[in-house]
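# Commentary on secondary and tertiary structure
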Amino acid sequence: MDIDIVSVFPEYFQMLDLSLLGKAQNNGLLKIRSHNLRKWTHDVHQSVDDTPVGGGAGMVMKPEVWAECLDELLNLQDTQSAQAQDTQSQNTQNLPILIFPNPSAPLFMQKDATELSHANHLLFGCGRYEGYDARIPEYYRAKGIDVREYSIGDYVLNGGEVAVSVMLEAITRLIPGFMGNPESIVEESYTGADALLEHHQYTRPTTWRGISVPEVLTSGNHAKVDRFRRDEALSITSEIRPDLIKQLDCHKLDKADRKTLMALGWEVSGDHPRKNL
Ligand code: 6GU
């Protein structure tokens, strides 16, 4: 997978050379390039932002600088001949997916990570300050490019760099060959047919500072261990993320799942569980 990242702090992404992401780059599984947006400025101050039209606090990233940068990285023909042409006529098939982190966009979910892990080429554009001119995604979308905007959660960051590193970590670990043990992906939270938080994990010693791991885990009875973990996942999820329980498909729950959920105060009938009043 080819990954381009545009930012006013391209050095931030040196951390992608560490650990598993660094290994994947050395293996040739990933090619990550980070670019300084200021390279596409022409003024002495190398300014990338301006005051908001209509007034208000903060600064907004200018469309011209981003467009010069993105046109070059997307290998689009120059603006004048592009404008003279039908907007759909350029072949956008092999172009990267353009991704802009944006706190006012839909949440980035595991399903997005899964989908994007199949892409050949991703291009991330990091906004800073109060954001970027809304015409930037609009323009590239109209050219037929797959443009995505995502928030990573309900809190405010100073810029898109951290959000891009979060998305990249979620996406790249799903690329076949990235993980040593692909099975560890299947068992994790937010994946598979139903999205539950994971059961607790323990390692040796089985008793540590007077606290023992649940006895069933040392029993060697795999069916019992599986059931215990499943019940624990249901109970943890019910407590911390009841919204995830409400999204479960009742038709996919087995008898023991139903019993556990009912004991946790859920009504299990119809399409999705409902909380008993
Ligand atoms: Cl994607 N960007 C910024 N600046 N803040 C955020 C965010 C993104 N997601 C949550 N907060």
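Rules and cut-offs
- Residues numbered from 1 in each chain as written.
- Predicted model: local features only at pLDDT ≥ 70, side-chain atom pairs only at ≥ 80, totals over all residues.
- Heavy atoms only, no water.
- UniProt positions renumbered as here; feature names shortened; annotations may be inferred.
- Patch = residues over 30% accessible without salt bridge, like charges linked within 9 Å, V, L, I, M, F, W, Y side chains within 5 Å.
- Areas by Shrake-Rupley, 256 points an atom, 1.4 Å probe, with all protein chains shown as cover.
- Salt bridge = Lys/Arg side-chain N within 4 Å of Asp/Glu carboxyl O.
- Helix = DSSP H or I, 4+ residues; strand = E, 2+ residues; numbered from the N terminus.
- Near = heavy atom within 4 Å.
- Polar contact = N/O pair within 3.5 Å; in protein donor to acceptor, adjacent residues only side chain to side chain.
- Phe/Tyr/Trp six-rings, centres within 6.5 Å; stacked < 30°, edge-to-face > 60°.
- Buried < 20%, exposed > 50% of the residue type's maximum accessible area, 1.4 Å probe, protein only.
- Core = buried A, V, L, I, M, F, W, Y, C linked by side-chain atoms within 4.5 Å.
- Contact = heavy atoms within 4.5 Å.
- Lys, Arg positive; Asp, Glu negative; His and termini not counted.
- Charge placed at Lys NZ, Arg CZ, Asp CG, Glu CD.
- Arc of directions from axis to C-beta.
- Pairing = 2+ DSSP bridges.
- Right-handed = clockwise from strand over helix to strand, strands pointing away.

As annotated in an unreviewed UniProt entry, the protein chain carries the name tRNA (guanine-N(1)-)-methyltransferase and comes from Gardnerella vaginalis. Quoted verbatim from the Subcellular location (unreviewed entry) field of the UniProt record, the comment on the protein chain reads "Cytoplasm". Taken directly from UniProt, the Catalytic activity (unreviewed entry) text for the protein chain runs: "guanosine(37) in tRNA + S-adenosyl-L-methionine = N(1)-methylguanosine(37) in tRNA + S-adenosyl-L-homocysteine + H(+)".

Taken together, the side chains of Phe-9, Tyr-12, Met-15, Leu-18, Tyr-155, Leu-157, Val-162 and Val-166 make up a nonpolar region of the molecular surface, amounting to roughly 680 Å² of accessible area. By the secondary structure assignment, Leu-157 is in the loop between β7 (147-150) and α6 (160-172).

Moving on to the site of the ligand. Neighbouring the ligand are Pro-101, Asn-102, Pro-103, Tyr-150, Ser-151, Ile-152, Gly-153, Tyr-155, Leu-157, Gly-159 and Ala-163. Here Ser-151 contributes a side-chain N or O atom positioned 3.3 Å from a nitrogen atom of the ligand. At 3.3 Å, a backbone N or O of Leu-157 approaches a nitrogen atom of the ligand. Burial of the ligand by the protein amounts to 95% of the accessible area it has alone, namely 290 Å².

Another point: the packing of aromatic side chains. Within this structure, the stated rule accounts for five aromatic pairs. Pairing Phe-108 with Tyr-150 gives two aromatic rings, centres 5.2 Å apart and planes at 80°, and the pair type is edge-to-face. In this pair, Phe-108 is assigned in the loop between β5 (97-101) and α4 (110-116) and Tyr-150 in strand β7, connecting sequence segments 42 residues apart. For the residue pair Phe-108 and Tyr-150, the accessibility class agrees, reading buried in each case. Through successive ring pairs, a cluster of aromatic residues spans Trp-66, Phe-100 and Tyr-132.

Before going further, it helps to examine unusual backbone geometry. Cis rather than trans, the peptide bond between Arg-204 and Pro-205 has omega equal to 0°. Even without being glycine, Gln-46 reaches a positive phi, approximately 50°. The phi dihedral of Arg-209 falls on the positive side, at around 50°, and the residue is not glycine. Residue placement: Arg-209 occurs in the loop between β8 (207-208) and β9 (211-212).

Two side chains with opposite charge may pair up if their charged atoms get near one another. Overall, the coordinates contain 14 salt bridges when judged by the stated rule. Among the salt bridges present, the one from Asp-243 reaches Arg-241, with a minimum N-O distance of 2.9 Å. The class of Asp-243 is partly exposed, set by a relative accessible area of 33%. Among the residues examined, Arg-241 registers a relative accessible area of 27% and is labelled partly exposed.

Before going further, it helps to examine the nonpolar core. By size, the foremost hydrophobic cluster in this structure holds 31 residues, and its most contacted members are Ile-5, Leu-30, Leu-122, Phe-124, Met-167 and Ile-171. Element by element, the count of residues in this core is highest for α6, at six residues. Ignoring any residue separated from it by four or fewer positions in sequence, one finds Leu-122 in contact with Met-1, Asp-2, Ile-3, Asp-4, Pro-96, Ile-97, Ile-99, Leu-116 and Ile-171. Ranked by size, the runner-up nonpolar core spans 22 residues in total, among them Leu-37, Cys-69, Leu-70 and Ile-136.

Okay, a negative patch on the surface next. There is a patch of like negative charges on the surface, built from Asp-50, Glu-64, Glu-68 and Glu-72. Residue position: Asp-50 is located in strand β3 (residues 49-50).

Tracing the chain through its elements places Ile-152 in the loop between β7 and α6. Considered as a pair, Ile-152 and Gly-54 are 98 residues apart in the sequence and their alpha carbons are 28 Å apart. Ignoring sequence-local partners within four residues, the contact set of Ile-152 consists of Leu-107, Leu-157, Ala-163, Val-166 and Met-167.

A separate point is helix α10 (residues 255-263). When we look at burial in α10, the residues that qualify are Asp-257, Thr-260 and Leu-261. One side of α10 carries all its buried residues, which in axial view fall inside an arc of 95°. Residues of α10 that are exposed and point more than 90 degrees away from the buried face comprise Lys-255, Lys-259 and Ala-263. At the N-terminal boundary of α10, the capping side chain belongs to Asp-254, with an oxygen 3.1 Å from the backbone nitrogen of Ala-256. Two residues or fewer past α10, Gly-265 is found with a positive phi of approximately 95°.

We now examine the pairing of strand β6 (residues 121-125). Burial analysis of β6 places five of its five residues in the buried class, which makes it a mostly covered element. Burial of β6 is two-sided: the residues His-121, Leu-123 and Gly-125 facing one way and the residues Leu-122 and Phe-124 facing the other way are all buried. Of the pairings in the sheet, the one linking strand β1 (residues 2-7) to β6 comprises five bridges and is parallel in character. Residue pairing for β6: Asp-2 is matched across the bridge by His-121. As paired elements, β5 and β6 share three bridges and run parallel to each other. Opposite Ile-99, over in β6, you have Phe-124 as the bridge partner. Read from β5 through α4 to β6, the crossover connection turns out right-handed.

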